[in-house]
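Commentary on secondary and tertiary structure
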Amino acid sequence: LQTSLREYPDAKDNDRTLYQLARTQDQLGESDDSLATLSQLCKKYPNSPYYAESQFRIAERAFIQGDYITAEAAYTEITFARNGDSYLERALFKRGWTRYKQGIYTEAADDYVAAIDKHQFGNTENLSSADKDQFDEYFRALGLSLSSLSAQEIQSYFSDKTTYQYLYHSYEVISGIYLEQERYSDAANIMEQFITSNPTSPNIPFAHLKKIEAWSQGNFKSRFTEALDTAYTKYNIKSNYWNTHKNLTEQDQVAAALRPY
């Protein structure tokens, strides 16, 4: 392969030859040489069908080495590649991680949301086991990025996403991460932010339940009592709420959650 490239530098299919050479070098354990060959392919043949995969392999190597700036740049190249669609979702997700590692949390969140949109998960109740794992992985990453922002920054981030299909789930994941970190007030307050910002959402009762859970886990007795009193008054089985929100399944779910308290 090297002889072919040397003796026929302008051959028609040299991008394929470079790609084959890079794979062979990688299999031989010559990772630095493989990386250099991929870089040569990308520089000389930006329209090659092997371009996106080559950039992805360059990015993955840089990411493993902790060179997040180089990895970010290579993942970004894939978003502009002519033949990059098969790598686009993974590139967006991994670029999100490079940005998270650099402390660029809002842009990281943008990448995770873009990867989620690209995948088109749809109704989460019908996901396969593999898709459910991927869905959880994507939202875990999104939650980690957003939980690194201030409450005001989170509110600003979601201000133009009030119709986002997974808006409540995003808040729920952030709250869950706060609970893991024993940030009980933050966990409760982020759900209050959802309630205040999305007063017509059908998920409001469940946000109240998450508030109760946070104050309970943190042993904030007065806050817990106040949140429980509010939730029970608004959402007990005979409350007016269920007259205008006729959903027996949700009514049973809320009643079952309140009952142990």
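Residues numbered from 1 in each chain as written. Predicted model: local features only at pLDDT ≥ 70, side-chain atom pairs only at ≥ 80, totals over all residues. Heavy atoms only, no water.

**Some points on the pattern of salt bridges**
Rules: Each salt bridge in this description consists of a side-chain nitrogen of Lys or Arg and a carboxyl oxygen of Asp or Glu lying within 4 Å of one another. Helix numbering and strand numbering both begin at the N terminus, where a helix is a DSSP run of H or I of at least 4 residues and a strand a DSSP run of E of at least 2. Only protein chains enter the area calculation, which uses a 1.4 Å probe; residues under 20% of their type maximum are buried, those over 50% are exposed, and those in between are partly exposed.
Following the criterion strictly, the structure yields 15 salt bridges and no others. Close ionic contact of Asp-111 with Arg-99 constitutes a salt bridge, the shortest N to O distance being 3.1 Å. Placement of the pair is Asp-111 in helix α7 (residues 105–119) and Arg-99 in helix α6 (residues 85–101), with a sequence separation of 12 residues. Like Asp-111, the residue Arg-99 is buried in the burial classification. Taking the shortest distance from any N to any O, the salt bridge between Lys-132 and Asp-136 comes out at 2.9 Å. Taken together, the positions of Lys-132 and Asp-136, both in helix α8 (residues 129–147) and four residues apart, correspond to about one turn of that helix. Owing to a relative accessible area of 36%, Lys-132 belongs among the partly exposed residues under this scheme.

**Looking at the side chain of Thr-17**
Where we set the bar: The contact definition used throughout considers only heavy atoms, calling two residues in contact when any of these lie within 4.5 Å.
Considering the arrangement of structural elements, one finds Thr-17 in helix α2 (residues 14–27). Ignoring sequence-local partners within four residues, the contact set of Thr-17 consists of Leu-1, Ser-4 and Leu-5.

**Some words on the packing of aromatic side chains**
The cut-off we apply is this: When two rings of Phe, Tyr or Trp (its six-membered ring) have centres within 6.5 Å they constitute a pair, described as stacked for plane angles under 30 degrees, edge-to-face for angles over 60, and tilted for the intermediate range. Two limits define a charge over a ring: the Lys NZ or Arg CZ must be within 6 Å of the ring centre, and within 35 degrees of the ring normal.
The full count for this structure, using the stated rule, is 24 aromatic pairs. Measuring from ring centre to ring centre gives 5.3 Å for Trp-97 and Tyr-100, while their planes differ by 85°; the resulting arrangement is edge-to-face. Remark: Tyr-100 and Trp-97 occur in helix α6; sequence separation between them is three residues, near one turn of the helix. Aromatic side chains Trp-215 and Phe-220 sit 5.2 Å apart centroid to centroid with 65° between the ring planes, which places their arrangement in the edge-to-face category. The buried category is assigned to Trp-215, whose relative accessible area is 4%. Among the aromatic residues, ring-to-ring pairing joins Phe-93, Trp-97, Tyr-100, Tyr-105, Tyr-112, Phe-121, Phe-135, Tyr-138, Phe-139, Tyr-164 and Tyr-166 into one connected group. Above the plane of the ring of Phe-56 lies Arg-90, whose end atom (NZ or CZ) is 5.2 Å from the centre. Sitting over the face of the ring of Tyr-157, Lys-161 holds its NZ or CZ atom 4.0 Å from the ring centroid.

**Overview of the packing of helix α4 (residues 51–64) against helix α5 (residues 68–80)**
In a packed pair of helices, the relevant descriptors are the angle between the two axes and the axis-to-axis distance. What counts here: All axes are obtained by fitting lines to C-alpha atoms, using only the stretch in contact for helices, and the reported angles, taken between N-to-C directions, cover 0 to 180 degrees. Orientation labels follow simple angle bins: below 35 degrees gives roughly parallel, above 145 gives roughly antiparallel, 65 to 115 gives roughly perpendicular, and whatever is left gives oblique. By definition, turning the near helix anticlockwise from the far helix through less than a right angle yields a left-handed crossing, and turning it clockwise yields a right-handed one. Residues are grouped as follows: nonpolar covers Ala, Val, Leu, Ile, Met, Phe, Trp, Tyr, Cys and Pro; charged covers Asp, Glu, Lys and Arg; every other residue, Gly included, is treated as polar.
With their axes 8 Å apart at the nearest point, α4 and α5 run at an angle of 160° to one another. Taken together, the axes of α4 and α5 are roughly antiparallel relative to one another. In this structure, α4 meets α5 at a crossing whose hand is left-handed. Note on element contacts: α5 touches α4 through Tyr-68, Thr-70, Ala-71, Ala-74, Tyr-75, Glu-77 and Ile-78, opposite Tyr-51, Ala-52, Gln-55, Phe-56, Ile-58, Ala-59, Glu-60, Ala-62 and Phe-63. Here the residues of the contact of α4 with α5 sort into 12 nonpolar, two polar and two charged.

Just distances and angles here, no functional claims.
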